[in-house]
Structures are given as structure tokens and as C-alpha cells.
Amino acid sequence: MERTVDSIGVVGLGTMGAGIVEVCAKHGLQVVAVDMDEAAVTRGRGHVERSTGRAVERGKMAADEQQALLGRITFAAELEAVAGCDLVVEAVPEVLDIKRELFRRLDQVVRPECILATNTSSLSVTELSVATSHPERVVGLHFFNPAPVQKLVEIISTVVTDPDIVTAARELAERLGKTPVVVGDKAGFIGNYLLFGYLNHAISMYESRYATREDLDAAMQHGCGYPMGPLALLDLIGLDTAYQVLDTMYREGRDKLHAPSPILKQMVTAGLLGRKTGRGFYTYQAPGSGTIVPDAQTPSPEASTAPTREVRTVGVVGTGTMASGIVEVFAKAGYPVTVVGRGQDKITGLTAAITASLDRAVSKGKVTEEAKAAALGLVTGATDVSALADADLVVEAIAEDVDVKTDMFRRLDEVCKDGAVLATTTSSLPVIQVAAATRRPADVIGMHFFNPAQVMRLVEVVSTVSTAADVQETVVRLCAGLGKVPVRCGDRAGFIVNALLFPYLNDAVKMLEAHYATADDIDTAMKNGCALPMGPFELLDVVGLDVSYAIQRQLYLEFRDRGFAPAPLLEHMVTAGYLGRKTRRGFRSY
């Protein structure tokens, strides 16, 4: 039967519930906002008033619109107040017993035709629905935080949900200006299933002291364009919520990647829940504040006493896209650069690529003609590595093949002067393997620039067990001087960014492979629910499925965790030659 939703009941007026109340009232619906006592109702009313007040201050809402919005909301401390609503959504704590008891009570209060919805982010909607006498009218309506801003709503249909209920839920989401995706009842649904595996992996990196919290967050912001780093995001979500979501997903799927990291449970037990308590992975100005303040873990600019080596001249080996970007970065910063290619035609092509890039920068007003001429004047081409004999720093940017790189480092070892820093731009190969090919492994380090190097700010500075402290410090300070964001990490597969990014992409392929959701819905969920710049399948097609498969395979061989094993569908597509945009066919056709 056709169902019309004109009045909404919202039970639970915390941050999420108050956000749902606001977005429903903003779009003309009559809203009954309920919590269990007067104090909670007052706090909920305050949430809505402050949020809409900020919108008025920013010019996004007129004062009379705010008053009209507030006038459509009835606040109450009795559950019976929602008796006449067309749809009631609960937003109470993410605890199964609490939600089940609420659904049992709602079943006795509301009209037979009323739709009952849960905003759960991970619990089984089916388990909640069977607490009622009419499980067919129960649906998941998962808004993302903050509800007035985030576009995604996941609509979760159980095996018994009436199709008319799902249709009504979808139409409601669209009426609220949201982008709905309909999925089945699986722990984590789309957004949280993919997001929290990534967040949990980041916690493990922090826990093992592989990288600092600042470097982990900077890596994902500057390397992937994410709006927040993983640890800062966990503090925003709440570490207790994160633990509950991960624990629920692990109990259902038994995937080690979703087993909550031990430190997460310890922090929750200690009451370090993130922003809401004023302390989580970071320390905040006050409970509820988003302003980070220094604490014992905050790095001091004066903390490092390690000496550095002087870098006045730079050599670059390679003439591809990455090499040309790196040459441009150094030349624009005023360093004389000698670039070595396999032939004069390669050198000519690299010079043309740099010239074209600088011309674009001039046309956008980012570089002057004088600066362009000066940069080009600092670039010298050569066809033999002997031209790098006097370079203080040599950056290798050739094919991502360990044998090719190892051979190049042997040659560099023979011609480069003592004390020269030798760097590789590998994105996935062991840096120690190329370092061991030289007689000076202490001078070898990873400098993983991101493509295009002249645009992307991140550089992963990868130290091996042999890298000298002054070499690491030299490269970190050099990158900062280039206007880059250097992050320090150890020499293991994927470093920070690829080790966090590609298992997430691989999980998305597994989700598609299991027919849980379409590529379009998964991309929509991650862009609109998690504010990522690209969905996983868009990104896979851009990166190249062959490249993605190779990196994921390298991660699996390094960590030997079955959760990292490349998805069979990814391997099959690579075998078929469907590599993404470069072959005009990947997860989509181009």
C-alpha cells in the first residue's frame, strides 16, 4: 500500500538524534522529539537551537526560517507523544538490549500503519525488528553524522521488511535532500564496514609505533585528500562508538581486520573517548571541543637534535611522469638538478613535460615567467649516471621493478661521492633491498612522492633498519623546505598511505563480489557518507587495476593476513585486461 510520511517521531536526542530532528523539521515535516527525561529533552532542544543558530550566524538560514523550523518541533519526555506519527526513528545508544526494549515499547504505542526505523550504524536490524509484533514494518534508516550536513542515508531492508516500507523510506530520504542507498542487513552496512576496517588498521599502526598520530593523519589527508586523518576522525566519532561498531562487525564476520585493536579497548575502559571527553588519541581544549592542544605526544619543532647533511645539488634518475614532477619541484625551489635518462630523446621529452607543466602554472598565475625561466635554467640532462658524481642527493624514479632498481643502486654506489644521500621513490618495494645492493646502506632512504609530484604535498620518508639518523633528518627537513609535508615511517610494504588505502579498496571489491551492493552505491556511500573525494571504484579505475592488484599482493605477501589477500574479482579483471581508464574498461567503461 502507498504510505505517506508527514510526521516524524525521533526518540533519543543526543548529537545524532537532534541532527535528525533538525533535518526533518527543516524540510517541512512535523517532528515529535522525545527523550526519557526532562534534562535530556532540554539538552536535545539546546543542540537544535545552537545548530540552527550557527546556520543563521553564517547566513545559511534566515532568522524567521529558524523560528519556523523550531515551531515544527514538539519536545516531550514521554514515549506516548509519538503515538500519532507516520514514522518513528530511534537514535538511542548503540546497545542491542536498549534498542530492542525501545522497539518492544514503541510497538505498543504507535499505530499499526506506523513505520518503525532504527538509526543503528552496525547492529542487526533483523534482531531489532523481531522485538516487535510486526517485524515487516521495521527498516534501517542510517543517517551519517552530522545529519544536517551529510548527504548519505543507508536504508537497510531485512528479509522480512515490506517492500512498501523500503519505498517509503527511500522517498522520505529524498524529500530530506539526502542520497539514499538500499542495502541488506549486514553488520556495518556499506559505509561503516569499509570505513572502520581502515580506521582499525590505522589504530594498529599507531599502537605498534610504526608512525606517530600526526604522521598517520597527515599522510591520509595530504596523500589521499581525505578531509580528516583516521585518528582525528576516531576522536570525532567517539572511541566507544568505534569499539562497538568494530566488535559487532567482528562477531558477525570473524574477519581479523575488524577485531578491535587492543589499545582501543584500553582507551575506552580508561574513559578516553575522544572529543566528547576532551581526550582520545589527541587532547582537546575541553570536553566537546574540536580544538587540539599540545600534550606529551606532541612533537616539538626543536625536538630533533640530529645533525643534517648539506644538500646543494640534486640528481634524478628517470624521465617518466614521476621523475619530471620531482625535477620540477627541486628546480622551482632553486636546486640545480641533473637528470639522467636512457637517451637524449627521453631527456628532451622530460624537458618538454616540465615546460608544459610550468606553462600551465604561469597561465594560472601560480608561477611568473621569470620563475619558469629560472627553473628550466637549473635543469641539466645527461645519459650516463657518471654525471651524478658530485650530487649531494640522488633520487631514483625508474620502473617499479626490484631488479631494475637494485641494478641502478649498484651503479650509483660506484659513481656517487661519499656522504651523498641515495633515495628511492618506490611506493611498495622494500627499500632495504636496494640499500643492501650498495656498500653504504646507511645513506639509502625512501622518498615516496605522490603523483603528480609538483602538486601533491605528501612525501613519505621511509627509513630502513640501516638508514643513518642524519640521513632521515636531512630528507625530512629538505622536504619541508620544498613546501611538502614529510611523514616518517618504517620500511614495510605499503608504508602508511598504500597500506591503509589498498586494503580498503580491496574490501570494496569483495563487497561488490558478494553482490551486497553495486559499484555505484558503494561509491555513493563513501563519497556522501564519509566525505571522501572519490569512491573506491572510481579510484581503482584511475590508479589502474593492475597496479592495485600488485600493491595488494605485496601487502598480502608481507603481512600474510588472509584479510589482505587480493579479491578474486580484482585478479580476474586484471587477467582479462580490464585495467581501468587506461584500457577504457575497468569497473566502469570509458
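Structure shown above.
The text that follows walks through the structure, step by step, so that each part is easy to find. Here the structure is a predicted model, which means the values were calculated and not measured.

The rules behind the values
Residues numbered from 1 in each chain as written. Predicted model: local features only at pLDDT ≥ 70, side-chain atom pairs only at ≥ 80, totals over all residues. Heavy atoms only, no water. Helix = DSSP H or I, 4+ residues; strand = E, 2+ residues; numbered from the N terminus. Rg over C-alpha atoms; globule rule 2.2 N^0.38 Å. Buried < 20%, exposed > 50% of the residue type's maximum accessible area, 1.4 Å probe, protein only. Contact = heavy atoms within 4.5 Å. Areas by Shrake-Rupley, 256 points an atom, 1.4 Å probe, with all protein chains shown as cover. Lys, Arg positive; Asp, Glu negative; His and termini not counted. Charge placed at Lys NZ, Arg CZ, Asp CG, Glu CD. Core = buried A, V, L, I, M, F, W, Y, C linked by side-chain atoms within 4.5 Å. Pairing = 2+ DSSP bridges. Axes fitted to C-alpha atoms, helices over the stretch in contact; angles between N-to-C directions. Left-handed = near helix turned anticlockwise from the far one by under 90°. Nonpolar A, V, L, I, M, F, W, Y, C, P; charged D, E, K, R; others polar. Salt bridge = Lys/Arg side-chain N within 4 Å of Asp/Glu carboxyl O. Expected span 1.5 Å × (residues − 1). Phe/Tyr/Trp six-rings, centres within 6.5 Å; stacked < 30°, edge-to-face > 60°. Lys NZ or Arg CZ within 6 Å of the ring centre and 35° of its normal. Patch = residues over 30% accessible without salt bridge, like charges linked within 9 Å, V, L, I, M, F, W, Y side chains within 5 Å. Disulfide = S-S within 2.5 Å.

A few points about the overall build of the protein
Thought 1: Scanning the protein for helices and strands turns up 22 helices and 18 strands.
Thought 2: Computed over the C-alpha atoms, the radius of gyration of the protein is 27 Å, within 12% of the 25 Å expected from 2.2 N^0.38 for a compact globule of 590 residues.
Thought 3: In terms of its C-alpha atoms, the protein occupies a principal-axis envelope of roughly 85 × 50 × 50 Å.
Thought 4: For the protein, the proportion of its 590 residues judged to be buried stands at 54%.
Thought 5: Within the protein, counting contacts between residues at least 6 apart in sequence, those at least 24 apart form 69% of the total.
Thought 6: In the form shown here, the protein has an accessible surface area of approximately 24,800 Å², with 51% of it arising from carbon and sulfur atoms.
Thought 7: The protein carries 59 positive and 71 negative side-chain charges, and their two centres are separated by 2 Å.

What about the nonpolar core?
Thought 1: Counting residues in hydrophobic clusters, the biggest one holds 119 residues, and the most contacted among them are Ile190 and Ile496.
Thought 2: For this core, the element with the highest residue contribution is helix H18 (residues 497-513), accounting for 11 residues.
Thought 3: Discounting chain neighbours no more than four positions away, the residues touching isoleucine 190 are Glu154, Val181, Val183, Met511, Tyr516, Ala517, Asp521, Ile522, Ala525 and Met526.

Quick look at the sheet that holds strand E16 (residues 444-449)
Thought 1: One open sheet holds the 8 strands; their spatial order is E13-E12-E11-E14-E15-E16-E17-E18, and the pairing between them is mixed. Since the sheet does not close on itself, it has two edges, and those belong to strand E13 (379-382) and strand E18 (485-490), each with one partner. Between one strand and the next, the sheet's axes are offset by a mean angle of 25°, whatever the strand orientation.
Thought 2: Direction of pairing for strand E12 (residues 337-340) relative to E13: parallel, over a ladder of 4 bridges. Note that in E13 the partner of threonine 338 across the bridge is threonine 380.

Some thoughts on the packing of helix H7 (residues 191-207) against helix H8 (residues 213-224)
Between two packed helices, the angle of one axis relative to the other and the distance separating the axes together describe the packing.
Thought 1: It is at 9 Å that the axes of H7 and H8 come closest, and there the two elements cross at 145°. Crossing of H7 over H8 shows right-handed handedness. The residues of H8 that touch H7, namely those facing Tyr198, Ala202, Met205 and Tyr206, are Arg213, Leu216 and Met220.
Thought 2: Grouping the amino acids of the contact of H7 with H8 by side-chain chemistry returns 6 nonpolar, no polar and 1 charged.

What about the environment of threonine 383?
Thought 1: When you line up the elements, threonine 383 lands in the loop between E13 and strand E14 (393-396).
Thought 2: Assessed through its relative accessible area of 47%, threonine 383 is described here as partly exposed.
Thought 3: On a C-alpha basis, the gap between threonine 383 and aspartate 345 in space is 9.9 Å, while along the polypeptide they are 38 residues apart.
Thought 4: Residue contacts for threonine 383: discarding those within four places in its chain leaves Val340, Gly341, Gly343 and Gln344.

Observations concerning the sheet that holds strand E5 (residues 115-118)
Thought 1: Strand order across the open sheet formed by 8 strands is E3-E2-E1-E4-E5-E6-E7-E8, with mixed pairing between neighbours. Two strands bound the open sheet, and with one partner strand each, they are strand E3 (73-76) and strand E8 (179-184). For this sheet, the mean inter-axis angle between neighbouring strands, taken without regard to orientation, is 25°.
Thought 2: Bridge count between strand E6 (residues 138-143) and strand E7 (residues 152-157): 4 bridges; the pairing is antiparallel. Directly across from leucine 141, in E7, lies its bridge partner isoleucine 155.

Here we look at the pattern of salt bridges
Thought 1: For the structure on display, the rule yields 29 salt bridges.
Thought 2: Taken together, the shared-partner salt bridges in this structure form one network comprising Glu310, Arg312, Asp392 and Lys417.

Section: helix H20 (residues 536-543)
Thought 1: Buried residues of H20: Pro536, Phe537, Leu539, Leu540 and Asp541, and no others.
Thought 2: In the core, the buried residues of H20 are packed alongside H18, helix H19 (519-530) and helix H21 (545-559).
Thought 3: Phi for glycine 544, located one or two positions after H20, is positive at around 110°.

Concerning helix H12 (residues 321-332)
Thought 1: Here H12 contains 12 residues, and its C-alpha end-to-end distance of 17 Å stays within 8% of the 16 Å for a straight helix at 1.5 Å per residue.
Thought 2: With 9 of 12 residues buried, H12 is to be regarded as a mostly interior element.
Thought 3: Among the residues of H12, Ala323, Ser324, Gly325, Ile326, Val327, Glu328, Val329, Phe330 and Ala331 are the ones counted as buried.
Thought 4: Positive backbone phi, at 95°, marks glycine 334, one or two positions downstream of H12.

Some words on the packing of aromatic side chains
Thought 1: The full count for this structure, using the stated rule, is 5 aromatic pairs.
Thought 2: With a centroid separation of 5.8 Å and an interplanar angle of 85°, the aromatic rings of tyrosine 198 and tyrosine 226 are classed as edge-to-face. Linking tyrosine 198 in helix H7 with tyrosine 226 in the loop between H8 and helix H9 (230-237), this pair joins segments that are 28 residues apart in sequence.
Thought 3: Using a relative accessible area of 7% as the deciding quantity, one classes tyrosine 198 as buried.
Thought 4: Take tyrosine 226: its relative accessible area is 9%, and that puts it in the buried class.
Thought 5: Between lysine 186 and the ring centre of tyrosine 193, over which it is positioned, the NZ or CZ distance is 4.2 Å.
Thought 6: Positioned over the ring face of tyrosine 210 is arginine 492, at 4.0 Å from the centre of the ring.

Re a positive patch on the surface
Thought 1: On the surface, Lys26, Arg50, Arg54, Arg58, Lys60 and Lys151 cluster together into a patch of positive charge.
Thought 2: Mapped onto the elements of the fold, lysine 60 is located in the loop between helix H2 (38-57) and helix H3 (63-71).

Observations concerning the state of the cysteines
Thought 1: The full count for this structure, using the stated rule, is 0 disulfides.
Thought 2: Free of any disulfide, cysteine 24 has its nearest neighbouring cysteine sulfur in cysteine 85, separated by 10 Å.
Thought 3: Under the relative-accessibility criterion, cysteine 24 is labelled buried at 2%.

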